[in-house]
Amino acid sequence: MATIRCDQHGVSHEAFVCKHLVYGKYLGFFCDLDDRQNPYPDAWCNGCELIRIEHNGWNDVTEELIEIALVCGGCYEEIKQKNLLGSESSTAVQ
Ligand SMILES: [Zn+2]
Ligand SMILES: [Zn+2]
């Protein structure tokens, strides 16, 4: 897995989240759990989840609609704690 150097966390795993999650709070936290090998599966917010549902999953069109940010594994965990609502209804989240 690729690594990234973060100012806060040093060298860590690469992770991808939607840009809303990076700056937001309590936005919901959805991720792709099919990717079991990855401790930091790509994650997105409730708003992006609605786009995903509308388009029956991620595809070229949805990729144009949402912006993805590269963060480190440490930042990913912080972002997750900040945005997790505990009520996500996606099948992707248990
Ligand atoms: Zn989003
Ligand atoms: Zn970091």
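Structure: see above.
Residues numbered from 1 in each chain as written. Chains lettered and ligands numbered in written order. Predicted model: local features only at pLDDT ≥ 70, side-chain atom pairs only at ≥ 80, totals over all residues. Heavy atoms only, no water.

(A) Fine view of the coordination of the zinc ion (ligand 1). Looking at the zinc ion (ligand 1), one finds its protein donor set to be C18 (SG), H20 (ND1), C45 (SG) and C48 (SG), positioned 2.0 to 2.4 Å from the metal centre. Because the angles between the four donor atoms bound to the zinc ion (ligand 1) fall within 102 to 115°, the donor set is best described as tetrahedral. All donor residues of the zinc ion (ligand 1) come from one chain, and their arrangement in sequence is C-x1-H-x24-C-x2-C. Under the relative-accessibility criterion, H20 is labelled partly exposed at 42%. (Donors = N, O, S within 2.8 Å, 3.2 Å for Na, K, Ca; no water. Tetrahedral: all angles 85-135°; square planar, octahedral: opposite > 155°, others 65-115°. Buried < 20%, exposed > 50% of the residue type's maximum accessible area, 1.4 Å probe, protein only.)

(B) A look at the coordination of the zinc ion (ligand 2). Taken together, the protein ligands of the zinc ion (ligand 2) are C6 (SG), H9 (ND1), C72 (SG) and C75 (SG), with distances of 2.0 to 2.3 Å. The coordination sphere of the zinc ion (ligand 2) comprises four donor atoms, whose angles at the metal cover 103 to 116°; the geometry is tetrahedral. Counting the intervening residues between successive donors of the zinc ion (ligand 2) yields the motif C-x2-H-x62-C-x2-C.

(C) Fine view of helix α4 (residues 73–83). Buried within α4 are the following residues: G73, G74, C75, Y76, I79 and N83. Buried residues along α4 sit against β1 (3–6), β2 (10–18), α1 (19–23), β3 (30–31), β4 (43–44) and β5 (68–72). (Helix = DSSP H or I, 4+ residues; strand = E, 2+ residues; numbered from the N terminus. Contact = heavy atoms within 4.5 Å.)

(D) Spotlight on the nonpolar core. Counting residues in each nonpolar core, the largest one holds 20 residues, and the members touching the most others are V17, L21, F29, A43, V71 and Y76. Where this core is concerned, the elements lending two or more residues are β1, β2, β3, β4, β5 and α4. (Core = buried A, V, L, I, M, F, W, Y, C linked by side-chain atoms within 4.5 Å.)

(E) Quick look at the packing of aromatic side chains. Counted according to the given criterion, the structure contains three aromatic pairs. For the ring pair Y40 and Y76, a centre distance of 5.3 Å and an interplane angle of 75° mean the geometry is edge-to-face. A residue pair is termed long-range when its members are at least 10 positions apart, and Y40 in the loop between β3 and β4 and Y76 in helix α4 qualify at 36 residues. Here Y40 falls in the buried class, since its relative accessible area comes to 15%. Three or more aromatic residues joined by ring pairs make a cluster, and in this case those are F29, Y40 and Y76. (Phe/Tyr/Trp six-rings, centres within 6.5 Å; stacked < 30°, edge-to-face > 60°.)

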